[in-house]
Amino acid sequence: MFIQTETTPNPATLKFVPGVDVLGAGVRDFNSAEAAQASPLAVALFSITGVKGVMYGGDFISVTKTDDMEWPHLKPAILGLMMEHFLSKAPLFAGEAPTTGTLDESEEFFEPKDADTVAAIKDLLETRIRPAVAQDGGDISFRGFRNGIVYLHMRGSCAGCPSSTLTLKSGIQNLLRHFLPDVLEVEAI
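Keep in mind the model is a prediction, meaning the values are calculated, not measured. (Residues numbered from 1 in each chain as written. Predicted model: local features only at pLDDT ≥ 70, side-chain atom pairs only at ≥ 80, totals over all residues. Heavy atoms only, no water.)

1. Details of the side chain of Thr117
Formally: Comment: elements are numbered from the N terminus, with helices defined as DSSP H or I runs of at least four residues and strands as E runs of at least two. Each residue is assigned to one of three classes by its accessible area relative to the maximum for its type, calculated with a 1.4 Å probe on protein chains only: buried under 20%, partly exposed between the two thresholds, exposed over 50%. By definition, residues are in contact when any of their heavy atoms lie within 4.5 Å.
In this structure, Thr117 sits in helix α3 (residues 115–135). According to the relative accessible area criterion, Thr117 is buried, its value standing at 12%. The contact partners of Thr117, leaving out residues within four places of it in the chain, are Phe145, Leu180 and Asp182.

Here you go:
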């Protein structure tokens, strides 16, 4: 088994591509070993000193490190754990895949009169923005829309990325404003 690694715009995050399906659909984002208890692989990754975040995507895993560690010291241990996990064909989650680590749609906020705009925002996110963000080892999801402002949640390599503000303002905001005149601004939450 060969696991590819890809750099991301966030120097604290690497994208690991094992060449097999990881999660299939959706994402699961963990920011601590406690939050990852349902996933033996994520718990094992958090046991490596210097790992501070793990995100599962459809066909990749993003790992975020602490600032005091360097990738040449972390990468071999991470690759070893991933290789062992995927070669053993162990499940990604113990029992059923939990919904923790993802945002619940009930946490979304917007006015009923904005439902059409929100549907268009979600469509643009799913078809144009999320695939591009996933290529960089991250994920982005809709959280709300109020007074012309779109609120988005960024995960994986996008969270804490030095270029995330540029991505939000120059990329996503411009795209949404181009297609939807009701959108005035985009903010990360």
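2. Focus: the packing of aromatic side chains
Here is the rule we go by: Side-chain rings of Phe, Tyr and Trp, where Trp is taken by its six-membered ring, are said to pair if the distance between their centres is within 6.5 Å; with planes under 30 degrees apart they count as stacked, over 60 as edge-to-face, and otherwise as tilted. Here, a charge over a ring is recorded when the distance from Lys NZ or Arg CZ to the ring centre is within 6 Å and its angle to the ring normal is within 35 degrees.
Tallying each qualifying case throughout the model produces four aromatic pairs. Consider the rings of Phe30 and Tyr56, whose centres lie 5.7 Å apart with planes at 75°: the pair is edge-to-face. Of this pair, Phe30 sits in strand β3 (residues 28–30) while Tyr56 sits in strand β4 (residues 51–56), and the two are 26 residues apart along the sequence. Here the two residues Phe30 and Tyr56 agree in accessibility, since each one is buried. Here a set of aromatic residues connected by ring pairs shows up, and it is made of Phe30, Tyr56 and Phe93. For Lys15, the ring lying beneath its charged end belongs to Phe60, and the centroid distance is 4.9 Å.

3. A short note on the sheet that holds strand β6 (residues 109–110)
Formally: The pairing criterion for strands is at least two bridges between them, as found by DSSP. Comment: axis = line fitted to C-alpha atoms, over the contacting stretch for helices; angle = value between 0 and 180 degrees taken between N-to-C directions.
Taken together, the four strands give an open sheet; going across it, the order is β6-β7-β8-β9, and neighbouring strands pair in mixed fashion. Of all strands in the sheet, those with a lone pairing partner are β6 and β9 (185–188), marking the two edges. Examined bridge by bridge, strand β8 (residues 149–156) and β9 share four bridges and lie parallel to one another. Note on β9: the bridge partner recorded for Tyr151 is Glu187. Contacts from α3 reach β6, β7 (138–146) and β8 within the one sheet, and its direction differs from that of β7 by about 165°.

4. Things to note about helix α2 (residues 71–88)
Threshold: One fewer than the residue count of a helix, multiplied by 1.5 Å, yields its expected span.
For α2, built from 18 residues, the straight-helix expectation of 26 Å at 1.5 Å per residue is met to within 8% by its first-to-last C-alpha distance of 25 Å. Buried residues along α2 sit in contact with β2 (13–17), α1 (40–46), β4 and β5 (61–65). Of the residues one or two after α2, Lys89 is the one with positive phi, at around 60°.

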